[in-house]
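# Report on the structure
Here is how the chains run, residue by residue.
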Protein chains: 2
Amino acid sequence: MTEKASLDPVDWHILSVLQDDASITNKALAERVGLPTSSCHERVRRLRATGVISGVKAVVDPAALGRGLQAFIAVRLRLHRRELAEVFVAAALALPETLSVYNVSGPEDYFLHVAVTDSAHLQRIIVDHLATRPEVAHAQTHLIFDRPLTATVRPVPS
Amino acid sequence: MTEKASLDPVDWHILSVLQDDASITNKALAERVGLPTSSCHERVRRLRATGVISGVKAVVDPAALGRGLQAFIAVRLRLHRRELAEVFVAAALALPETLSVYNVSGPEDYFLHVAVTDSAHLQRIIVDHLATRPEVAHAQTHLIFDRPLTATVRPVPS
DNA sequence: AGTGAAATTGTACTGGC
DNA sequence: GCCAGTACAATTTCACT
């Protein structure tokens with residue numbers, strides 16, 4: 001199951017390219033990594049089959065849809081309502097503004113990553129859909145400045 | 001610039017599918033949304049041209065590569081070293097374990113999203129590459145339980 | 001103008017070396 | 001792991017609502 005397939009430098013090169021742009025044709029990818037198309041295709045097939053590449057997804061920019069403000073909302077649940085965690089998670093995921101929900105350790109229980117139009121919109125979400133939930137003890141907002149800086153999964157020298 | 005192109009329900013349907021799996025063929029996508037291939041292709045082309053779809057990326061699962069533990073590291077910088085923020089960000093992105101860096105408001109200045117092999121590995125990163133940096137005042141770790149639950153960008157009823 | 005159908009060009013993918 | 005063939009899909013063109 002967790003048989004971490006060991007990747008060679010060419011595999012990492014392929015992953016580097018595909019994490020940046022997976023709409024590249026196999027032909028162009030093969031050229032960039034210096035492989036014939038059939039070999040390159042087989043490499044990609046294996047990376048998918050072994051679960052290293054878990055999927056290929058279109059990235060939608062919320063800012064292009066008028067939702068240019070992103071934030072993390074750190075939520076603490078009431079101790080005696082922890083059994084309602086699943087209810088909370090379901091409600092959080094049902095919010096159309098939600099991008100991701102992280103169940104975390106530490107003083108807070110959940111991090112919600114949301115994309116909203118402006119601070120008023122954010123305030124409305126928190127007041128109407130989070131702070132008023134009985135299982136929620138506290139919600140702390142962290143506005144995200146600029147754009148999130150996203151890196152790729154890279155090899156870690158063991 | 002920020003001309004939020006108004007999308008109809010079919011566009012949202014397309015976005016919903018492509019955010020889940022962008023490796024679907026245009027033909028299959030057209031069938032699922034009930035459109036001829038040419039119309040569907042044109043819709044997708046426009047979504048890309050207007051920046052709504054900012055890219056197509058392969059999703060790499062760190063767990064399949066032996067990095068099954070993820071965490072947020074909330075970092076607070078020293079007030080009188082804020083001008084070194086760019087240096088810190090560069091260092092954070094250079095860490096191969098880093099997935100994303102968020103510059104946030106609130107008591108903390110940065111959230112680092114990292115993927116590591118285990119808690120010892122995480123400890124090593126923090127001690128060797130974060131806590132010892134002169135501009136870093138404090139680093140608080142939030143382990144991420146389970147898998148992050150990721151949603152898609154969806155329409156928000158205005 | 002944007003949608004529906006068909007033809008062409010190119011690539012993805014499967015056999016064999 | 002590399003080469004060549006076959007089938008299929010992406011993309012353009014044209015007619016229509």
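Residues numbered from 1 in each chain as written. Chains lettered and ligands numbered in written order. Predicted model: local features only at pLDDT ≥ 70, side-chain atom pairs only at ≥ 80, totals over all residues. Heavy atoms only, no water.

### Describing the packing of aromatic side chains
What counts is decided by this rule: Here is the rule: rings of Phe, Tyr and Trp (six-membered ring for Trp) pair when centre to centre is within 6.5 Å. Planes less than 30 degrees apart are stacked, more than 60 are edge-to-face, and the remainder are tilted. In this text, helices come from DSSP runs of H or I with a minimum length of four residues, and strands from runs of E with a minimum of two, each type numbered from the N-terminal end. Summary of the burial criterion: residues with accessible area below 20% of their type's maximum are buried, those above 50% are exposed, and those between are partly exposed, where the area comes from a 1.4 Å probe applied to protein chains only.
As enumerated under the stated definition, the model contains ten aromatic pairs over all chains in all. Geometrically, the ring pair formed by Phe72(A) and Phe111(B) is tilted, given 5.4 Å between the ring centres and 50° between the ring planes. With Phe72(A) in strand E2 (residues 69-77) and Phe111(B) in strand E4 (residues 110-116), this residue pair bridges two chains. Taking relative accessible area as the criterion, Phe111(B) reaches 2% and is therefore assigned buried. For the ring pair Tyr102(A) and Phe72(B), a centre distance of 4.8 Å and an interplane angle of 90° mean the geometry is edge-to-face.

### Structural notes on the protein's contact with DNA strand D
For clarity, the threshold we go by: Nearness is judged by heavy atoms alone; a residue qualifies as near a molecule or strand once a single heavy atom is within 4 Å of it. Counted as a polar contact is a pair of N or O atoms within 3.5 Å, where, for protein atoms, one must be capable of donating a hydrogen and the other of accepting one, and residues adjacent in sequence contribute only when both atoms are in side chains. Note that Gly is not counted as nonpolar here; it falls among the polar residues with everything else outside the nonpolar set of Ala, Val, Leu, Ile, Met, Phe, Trp, Tyr, Cys and Pro and the charged set of Asp, Glu, Lys and Arg.
Near DNA strand D the following residues occur: Pro36(A), Ser38(A), Ser39(A), Arg43(A), Thr25(B), Asn26(B), Lys27(B) and His41(B). A share of 74% of the atoms of DNA strand D within 4 Å of the protein falls on sugar and phosphate groups. Within the side chain of Ser38(A), one N or O atom sits 3.2 Å away from a base nitrogen of DNA strand D. If you tally residues by element for the surface near DNA strand D, the top one is helix H3 (residues 37-49) of chain A, at three residues. Each residue belonging to the surface near DNA strand D can be placed in one class, and the counts come to one nonpolar, five polar and two charged.

### Some details on unusual backbone geometry
All names here are of chain A. Of note, the phi angle at Asp146 is positive, near 55°, even though the residue is not glycine. Assignment of secondary structure puts Asp146 in strand E5 (residues 136-150). Looking at Asp146, the relative accessible area reads 66%, which means it is exposed.

### What about the protein's contact with DNA strand C?
Taken together, Thr25(A), Asn26(A), Lys27(A), His41(A), Pro36(B), Ser38(B), Ser39(B) and Arg43(B) form the complete shell of residues around DNA strand C. Considering the 4 Å shell around the protein, atoms of DNA strand C inside it are sugar or phosphate in 84% of instances. Note that a phosphate oxygen of DNA strand C is positioned 2.4 Å from one of the side-chain N or O atoms of His41(A). The separation between a base nitrogen of DNA strand C and a polar side-chain atom of Ser38(B) is 3.1 Å. Mapped by element, the contributors of at least two residues to the surface near DNA strand C are helix H2 (26-33) of chain A together with helix H3 (37-49) of chain B. Per-element tally for the surface near DNA strand C: the top contributor is H3(B), with three residues. The residue makeup of the surface near DNA strand C, split by class, is one nonpolar, five polar and two charged.

### Regarding the nonpolar core
Our working definition: Residue types Ala, Val, Leu, Ile, Met, Phe, Trp, Tyr and Cys, when buried and joined through side-chain atoms within 4.5 Å, form a set referred to as a nonpolar core. For this analysis, residues touch if any pair of their heavy atoms sits within 4.5 Å.
Core analysis: the largest hydrophobic core is formed by 50 residues, its most contacted members being Leu29(A) and Leu29(B). Elements represented by at least two residues in this core include exactly helix H1 (9-20), H2, H3 and strand E1 (53-60) of chain A together with helix H1 (9-20), helix H2 (26-33), H3 and strand E1 (53-60) of chain B. Apart from residues lying up to four places away in sequence, Leu29(A) is in contact with Ile14(A), Val17(A), Leu18(A), Ile24(A), Cys40(A) and Val44(A).

### Section: the domain arrangement of chain A
To be explicit about the condition: As used throughout, domain bounds are those supplied by an automatic or database domain assignment.
As far as domains go, chain A holds domain 1 (9-49) and domain 2 (62-144). For domain 1 of chain A versus domain 2 of chain A, the separation of C-alpha centres amounts to 38 Å.

### A short note on helix H4 (residues 85-94) of chain B
Keep this limit in mind: The directions considered for the arc are those from the helix axis to the C-beta atoms.
Along H4(B), the positions that sit buried rather than exposed are Ala85(B), Phe88(B), Val89(B) and Ala92(B). All buried residues of H4(B) lie within an arc of 100° about the axis, which places them on one face of the element. In this structure, H4(B) carries Glu86(B) and Ala94(B) as exposed residues pointing more than 90 degrees from its buried face. Buried residues in H4(B) make contact with E5 of chain A together with strand E2 (69-77), strand E3 (98-104), E4, helix H5 (119-131) and strand E5 (136-150) of chain B.

### Section: the relation of the copies chain B and chain A
Quick reminder of the rule: A least-squares superposition brings the copies together, and it is based on the C-alpha atoms of residues with pLDDT no lower than 70 in both.
Of the transformation placing chain B onto chain A, the axial shift is 0.0 Å and the rotation is 180°, giving an RMSD of 0.1 Å. Both copies are brought into coincidence by an operation consistent with a two-fold rotation axis. When each C-alpha of chain B is compared by its distance to the rotation axis, Lys57(B) comes out closest, at 2.8 Å. A shared binding surface is used by both copies, with 100% of the interface residues of chain B retained as interface residues in chain A.

### As for the pattern of salt bridges
Residue and element names in this part refer to chain A. So the rule is basically this: Salt bridges are defined as contacts in which a side-chain nitrogen from Lys or Arg sits within 4 Å of a carboxyl oxygen from Asp or Glu.
Overall, the coordinates contain 14 salt bridges over all chains when judged by the stated rule. Residues Arg43 and Asp8 are paired through a salt bridge, measuring 2.8 Å at the closest nitrogen-oxygen approach. Placement of Arg43 in helix H3 and of Asp8 in the segment before H1 is noted, with a sequence separation of 35 residues between them. Since its relative accessible area comes to 29%, Asp8 is described here as partly exposed. Taken together, the salt bridges that share partners define one network made up of Asp8, Asp11 and Arg43.

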